[in-house]
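This is what each chain is made of:
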Amino acid sequence: MSAESGSLAARTAIRAAIRAVPAGRVSSYGAIAARAGLRGRARLAGRVLREGATPALPWHRVLHSDGRLAAPPGTALAREQMRRLAAEGVPVRKGRVAREYFIDGGDLDALLWRG
DNA sequence: CCCTGGGCAATTA
DNA sequence: GTAATTGCCCAGG
């Protein structure tokens, strides 16, 4: 059975994974997708955030594996993301967040942050 | 140590 | 076939 049989199920799992990220911590698309059981579908996670961004969905806690913001600097979106992260105690320097703030420790191999 | 550029692999709508 | 809020590699300064 292909896990993609239900894109809806995949999106639901991704949303749950994002909501599982506590304030003051961030995660990457890859980690979110893996956490949702969709290892290797980081892109799907990004699309879910972009298409299904809801107030209850902490999209601002999802960044690139490098720690950079998902949106390019200069955009209202990036500004909002940096602003929210800083409000939670996550300093953003040059549109980038320190790896120590990543819930996965900065390694997709060591993710399993499902604690 | 930090940053920039370009390219490639895989998946979904 | 195209585009997308990806991830990782290499090289240079």
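The structure this text deals with has already been given above.
Below is a short write-up of the structure. (Residues numbered from 1 in each chain as written. Chains lettered and ligands numbered in written order. Predicted model: local features only at pLDDT ≥ 70, side-chain atom pairs only at ≥ 80, totals over all residues. Heavy atoms only, no water.)

A closer look at the overall build of chain A
On a plain count of helices and strands, chain A comes out with four helices and four strands. Seen in sequence order, chain A has helices and strands lined up from the N terminus as α-β-α-α-β-α-β-β. Scored against the burial criterion, the 115 residues of chain A give a buried share of 38%. Put simply, 60% of the contacts in chain A that link residues at least 6 apart link residues at least 24 apart. (Helix = DSSP H or I, 4+ residues; strand = E, 2+ residues; numbered from the N terminus. Buried < 20%, exposed > 50% of the residue type's maximum accessible area, 1.4 Å probe, protein only. Contact = heavy atoms within 4.5 Å.)

Here's the deal with the nonpolar core
I14, I18, I32, L38, A45, L49 and V62 are the most contacted members of the largest nonpolar core, which totals 16 residues. Looking at this core, the elements that each hand over two or more residues are helix 1 (7-19), helix 2 (29-35) and helix 3 (42-51). Ranked by residues supplied to this core, first place goes to helix 1 with four residues. The residues contacting L49, other than those within four sequence positions of it, are I18, Y29, L57, W59 and V62. In this structure, V26, A71, A78 and L85 belong to the second largest nonpolar core, which totals 10 residues. (Core = buried A, V, L, I, M, F, W, Y, C linked by side-chain atoms within 4.5 Å.)

Description of the protein's contact with DNA strand C
Residues in close proximity to DNA strand C total 12 residues, the closest being Y29, R50, S65, A70 and L77. The sugar-phosphate portion of DNA strand C accounts for 54% of its atoms within 4 Å of the protein, the bases making up the rest. At 3.0 Å from a phosphate oxygen of DNA strand C is found a main-chain nitrogen or oxygen belonging to G30. S65 has a polar side-chain atom sitting 2.8 Å from a phosphate oxygen of DNA strand C. Elements with a contribution of two residues or more to the surface near DNA strand C: helix 2 and helix 3. At four residues, the largest contribution of residues to the surface near DNA strand C is made by helix 3. In the surface near DNA strand C, the residues fall into five nonpolar, four polar and three charged. (Near = heavy atom within 4 Å. Polar contact = N/O pair within 3.5 Å; in protein donor to acceptor, adjacent residues only side chain to side chain. Nonpolar A, V, L, I, M, F, W, Y, C, P; charged D, E, K, R; others polar.)

Here we look at the layout of surface pockets
Quantified by volume, the largest pocket comes out at close to 390 Å³. Those elements that provide at least two residues to the lining of the largest pocket are helix 2, helix 3 and helix 4 (76-88). In terms of residue count, helix 3 provides more of the lining of the largest pocket than any other element does, six residues in total. Taken together, the residues that form the lining of the largest pocket break down as nine nonpolar, six polar and three charged. (1 Å grid on protein atoms, 1.4 Å probe; cavity = no way out; pocket = protein on both sides within 12 Å on 5 of 7 lines; lining within 4 Å. Points joined across faces, edges and corners; volume = space filled by probe spheres on them.)

Brief notes about unusual backbone geometry
Non-glycine residue K94 carries a positive phi angle of around 60 degrees. Position of K94 among the secondary structure elements: in the loop between strand 3 (92-93) and strand 4 (96-97).

Considering the side chain of Q81
Secondary-structure assignment places Q81 in helix 4. Given a relative accessible area of 1%, Q81 falls into the buried group. Of the polar contacts made by the side chain of Q81, one reaches the backbone oxygen of H60; its length is 3.3 Å. Aside from chain neighbours lying at most four places away, what touches Q81 is W59, H60, V62, L63, L69, A70 and A71.

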